[in-house]
Amino acid sequence: MTVTRRASPRTCLFCGRSASGSGEHVLPQWLQRRFDRLGAPFTYEVSGSPELNRDKNVRSTPQAARVMLREICSSGDRVDNCNSWLEHTFEQPARELVLGLAAGRTLLADAEVVAFARWATKTVLLYMHPSSTYEGSLFKDRTGWASFPPHWLTDLRQTGAFPADLSLWLALHDPQSEGVALPGDVVLALPGRTTRDDGGGGVPEAANLSLRLDDNRVLAFSLAFHPLCDVVHPFVDGMLALHLWPNPPESINFASRPVLGRQGFAQWQGLWSNNGTSFGVPDGCRLLVEPASTRDPLSAPSFRCGAGPGARVVRF
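### Here we look at the nonpolar core
In terms of nonpolar packing, the biggest core is built from 61 residues, with Phe14, Phe116, Trp145 and Phe221 touching the most fellow members. Once residues lying within four places of it in the same chain are set aside, the contact partners of Phe14 are Ile72, Cys82, Trp85, Leu86, Leu126, Leu153, Thr154, Leu156 and Arg157. Val186, Ala220, Ala224 and Leu260 belong to the second-largest nonpolar core, a separate cluster that totals 18 residues.

### Focus on the pattern of salt bridges
Counted under the stated rule, the structure contains seven salt bridges. The partner of Asp214 in a salt bridge is Arg34, and the shortest N-O contact between them spans 2.4 Å. In this pair, Asp214 is assigned in the loop between strand S14 (205–212) and strand S15 (218–225) and Arg34 in helix H1 (residues 29–39), connecting sequence segments 180 residues apart. Residue classification places Asp214 among the partly exposed residues on the basis of a relative accessible area of 21%. On the basis of relative accessible area, Arg34 is assigned to the buried category, the value being 15%.

### Remarks on the confidence of the model for the protein chain
Residues at a pLDDT of 70 or more form 79% of the protein chain, whose mean pLDDT is 79. Every residue in residues 1–7 scores below 50 in pLDDT, and together they form zero contacts with partners more than four places removed in sequence or on other chains. The low-confidence segment residues 275–316 (pLDDT under 50) makes 131 contacts with residues lying over four places distant or belonging to another chain.

### Some details on helix H6 (residues 262–269)
Along an α-helix, a turn takes 3.6 residues, which lines up residues three or four apart on a common side. Within H6 the residues assigned to the buried category are Gly264, Phe265, Gln267 and Trp268. Across the axial projection of H6, the buried residues extend over an arc of 155 degrees, all falling on one side. Those residues of H6 that are exposed and aimed more than 90 degrees away from the buried face are Arg262, Gln263 and Ala266.

Criteria and thresholds
- Residues numbered from 1 in each chain as written.
- Predicted model: local features only at pLDDT ≥ 70, side-chain atom pairs only at ≥ 80, totals over all residues.
- Heavy atoms only, no water.
- Core = buried A, V, L, I, M, F, W, Y, C linked by side-chain atoms within 4.5 Å.
- Buried < 20%, exposed > 50% of the residue type's maximum accessible area, 1.4 Å probe, protein only.
- Contact = heavy atoms within 4.5 Å.
- Salt bridge = Lys/Arg side-chain N within 4 Å of Asp/Glu carboxyl O.
- Helix = DSSP H or I, 4+ residues; strand = E, 2+ residues; numbered from the N terminus.
- pLDDT = per-residue confidence, 0-100.
- Arc of directions from axis to C-beta.

Take a look at the structure:
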């Protein structure tokens, strides 16, 4: 007798109803298709080492790896599905803005900045969900935020509001320019956990996500959850980055923004570290900025999807 195992049913992370598994493209298809047209074929690096085929040659694919979150209900599940809600709430308002920036647009103002900031915050947040996966690459070891509370996405669906104490920063990077950098390497020391007598607090997390523009510059995003703490970001203090969410700026002129060079981008990538547990943290505590040599940066495999020297690169 043949026994057929049924696949475990998926539950939508946003609404709790059943999900067929077609899911959500964390990096939207309209953006990934642009990368495909500009950069194919694609090769992959994991922590600086090229991804190889079984014959030990460098592996390449005709399109960039997709980042998928399958546990989201879609049109095949129901009319009022969460995939369509994400499309209407975040993707559509930002699509032409993001594609315009990729093609050389330099100015965003007022509602455009808000739409761009909400799209970027949503994208990096879903990218860091522990169920998000790379599809099209052999790299299977990525891990999201282990402390990702389930209510974040259900609350977002119900209210449209991101979690409190979630912040996003934006910098520009040009790998072919000397650019600018901080005077010295520093880290932001994240507590392992913050707690308070009334139950407030949580587990801080941080992550970076970068997207390359047509002119080879990079939009570098940094997202952090910092419960009960304020972040004094050294790149913002040094006028090298913007605090994009919450309270986005009234306008962004990308033509006049400083550009991080290789040293500055390395500082940006190594900014966050974990600094143990802090108990009884009051509201408004400040994360400590320390010389980089005193703390180990958060360690995780880095994944880079590129198209060879001088071609467009998607960096995860």
